[in-house]
Amino acid sequence: MKAAVVTSFTQPLVVTEVPVPEPGPGQLLVKLETSGICHTDIHAAHGDWPIKPGLPFIPGHEGIGMVESVGSGVDAEWLGQRVAIPWLATSCGTCRYCITGWETLCPNQQNSGYSVNGAYAEYAAAFAHGVVRVPDGVSSLDAAPLTCAGVTTYKAIKVARVTPSERVAVFGIGGLGHLAVQYARTVGGLVTAVDIEETKLKLAESLGADHLVNASQTDPVNAIKQVGGADVAVVLAANPKVFEQALASLSYGGRLVMVALPADNAAINVPIFSTVLGARSVGTRQDLTEVFALHAAGRTEVTLETRSLDQVNESFADVLASRVPARLVFQF
């Protein structure tokens, strides 16, 4: 099968032929239809974070495809099902986090495209208890970004407990941010969109943002304070300065939701990387099920462009240079 493989943290990915994986006990073999590109994949490929993936590895945690075969212990009813392969590949299932519905905090978890091979390939082996069925009302193209960008921002709005008429400032409008705008509006929030790219602010406006702030032209803290301050600030831009701006923009009693992960453990008043991961309010399988249900009901739309797997290195460069409006998706 064709796969994009990271062989070095300092070299481009290699698109090459590798063996089709055999599904082990408790696993499924998924024939991929689409696989989204997340900035986390780029961090993984570059070895940016303190805990680095083992080389070589296949990135990707937004994979959508059909189950072709199953390993031992897996019910044959999975055959022919369309499923999503998310970031959380597997967890222990027995620790206090797993048994209380917070498997994303499990200290023994494995992550797709990081500690286990992911979905930048024509086939992937995935744990049956880690995948999520994709409903008929959601296309495989849309499902890919929803599997990470969607569930991550949905969870951010969910844990922020946004109530109707509260102001939600979304810092960074792109693959995640354009969905965060929609989820904040779904629960009744008044949305301020903050970015340095005018095209992304126009996208936010088209999706219903109430207030636009171009941070390259004006101080976002002052601009948000002028409309009363933010009740919730969601940081989706991987720049430590933005975290400081978001914190300063809050009104009394405001909530800061830290989502983006800079390449190093930069700090505002607390280390960003360890704070975000130490309170891993990322989406669970139930959250992703809810995300798919909202999309199937027509409550969200996904802005994306398709690419071929052979364009993986060009695609990474485009993401890093902010040359894409929102999300890129490999189509097999």
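Predicted, not measured: the structure shown is a model, and the values here were computed from it.

Let's talk about the pattern of salt bridges
Right, so step 1: Using the criterion set out here, one finds twelve salt bridges in the structure.
Right, so step 2: Two residues, Glu77 and Arg133, come together in a salt bridge whose shortest N-O distance is 3.8 Å. A residue pair is termed long-range when its members are at least 10 positions apart, and Glu77 in the loop between strand 4 (63-70) and strand 5 (82-85) and Arg133 in strand 9 (residues 132-133) qualify at 56 residues.
Right, so step 3: Judged by relative accessible area, which is 37%, Arg133 ranks as partly exposed.
Right, so step 4: Where Arg255 meets Glu166, a salt bridge forms, and the shortest distance between an N and an O atom there is 2.9 Å. A residue pair is termed long-range when its members are at least 10 positions apart, and Arg255 in strand 14 (residues 250-258) and Glu166 in the loop between helix 2 (140-160) and strand 10 (167-171) qualify at 89 residues.
Right, so step 5: Given a relative accessible area of 26%, Arg255 falls into the partly exposed group.
Right, so step 6: Put simply, Lys155, Lys158, Asp287 and Glu290 are held in one network by salt bridges that share partners.

What about the packing of helix 1 (residues 39-46) against helix 9 (residues 312-320)?
Right, so step 1: Packing of helix 1 against helix 9 leaves a shortest axis separation of 10 Å and a crossing angle of 115 degrees. It follows that helix 1 is roughly perpendicular to helix 9 by the angle criterion. Of the two possible hands of crossing, helix 1 and helix 9 adopt the one that is left-handed. Listed contacts from helix 9 to His39, Asp41, Ile42, Ala45 and His46 of helix 1 are Phe316, Val319 and Leu320.
Right, so step 2: When grouped by side-chain class, the residues that make up the contact of helix 1 with helix 9 number five nonpolar, two polar and one charged.

Details of the side chain of Gln109
Right, so step 1: Structurally, the position occupied by Gln109 is in the loop between strand 6 (88-90) and strand 7 (110-111).
Right, so step 2: We classify Gln109 as buried; its relative accessible area is 13%.
Right, so step 3: Of note is the side chain of Gln109, whose polar atom sits 3.0 Å from the backbone oxygen of Cys106.

Considering the sheet that holds strand 11 (residues 190-195)
Right, so step 1: One open sheet holds the five strands; their spatial order is 12-11-10-13-14, and the pairing between them is parallel. Every interior strand has two partners, whereas the edge strands, strand 12 (211-214) and strand 14, have only one. If you compare each strand with its neighbour and ignore which way they point, the axes differ by 20 degrees on average.
Right, so step 2: Its contacts with the sheet place helix 2 against strand 10, strand 13 (230-235) and strand 14, and it is angled at close to 145 degrees to strand 14.
Right, so step 3: Across the face of the sheet, helix 6 (residues 240-248) comes into contact with strand 10, strand 13 and strand 14 while running at roughly 150 degrees to strand 14.

Some details on the environment of Gly174
Right, so step 1: As for its position among the elements, Gly174 is in the loop between strand 10 and helix 3 (177-186).
Right, so step 2: Not counting residues within four places of it along the chain, the set of residues in contact with Gly174 comprises Lys200, Pro325 and Ala326.

Observations concerning the side chain of His61
Right, so step 1: Mapped onto the elements of the fold, His61 is located in the loop between helix 1 and strand 4.
Right, so step 2: At a separation of 3.1 Å, a polar atom in the side chain of His61 contacts the side chain of Asp41.
Right, so step 3: The residues touching His61, leaving out its near neighbours within four places in the chain, are Cys38, Thr40, Asp41, Ile85, Pro86, Trp87, Ser112, Thr147 and Cys148.

Comments concerning the packing of helix 2 against helix 3
Right, so step 1: At a closest axis distance of 9 Å, the pairing of helix 2 and helix 3 adopts a crossing angle of 40 degrees. Taken together, the axes of helix 2 and helix 3 are oblique relative to one another. Crossing hand, helix 2 versus helix 3: right-handed. When helix 2 is examined against helix 3, the residues Leu146, Ala149, Gly150, Thr153, Tyr154 and Ile157 are found in contact with a partner set consisting of Leu179, Ala180, Tyr183 and Ala184.
Right, so step 2: Grouping the constituent residues of the contact of helix 2 with helix 3 by class yields eight nonpolar, two polar and no charged.

Brief notes about helix 1
Right, so step 1: Counting buried positions over the eight residues of helix 1 gives six, a clear majority of the element.
Right, so step 2: Residues of helix 1 that are buried make contact with strand 3 (27-36) and helix 9.
Right, so step 3: Phi for Gly47, located one or two positions after helix 1, is positive at around 60 degrees.

Calculation notes
- Residues numbered from 1 in each chain as written.
- Predicted model: local features only at pLDDT ≥ 70, side-chain atom pairs only at ≥ 80, totals over all residues.
- Heavy atoms only, no water.
- Salt bridge = Lys/Arg side-chain N within 4 Å of Asp/Glu carboxyl O.
- Helix = DSSP H or I, 4+ residues; strand = E, 2+ residues; numbered from the N terminus.
- Buried < 20%, exposed > 50% of the residue type's maximum accessible area, 1.4 Å probe, protein only.
- Axes fitted to C-alpha atoms, helices over the stretch in contact; angles between N-to-C directions.
- Parallel < 35°, antiparallel > 145°, perpendicular 65-115°, else oblique.
- Left-handed = near helix turned anticlockwise from the far one by under 90°.
- Contact = heavy atoms within 4.5 Å.
- Nonpolar A, V, L, I, M, F, W, Y, C, P; charged D, E, K, R; others polar.
- Polar contact = N/O pair within 3.5 Å; in protein donor to acceptor, adjacent residues only side chain to side chain.
- Pairing = 2+ DSSP bridges.

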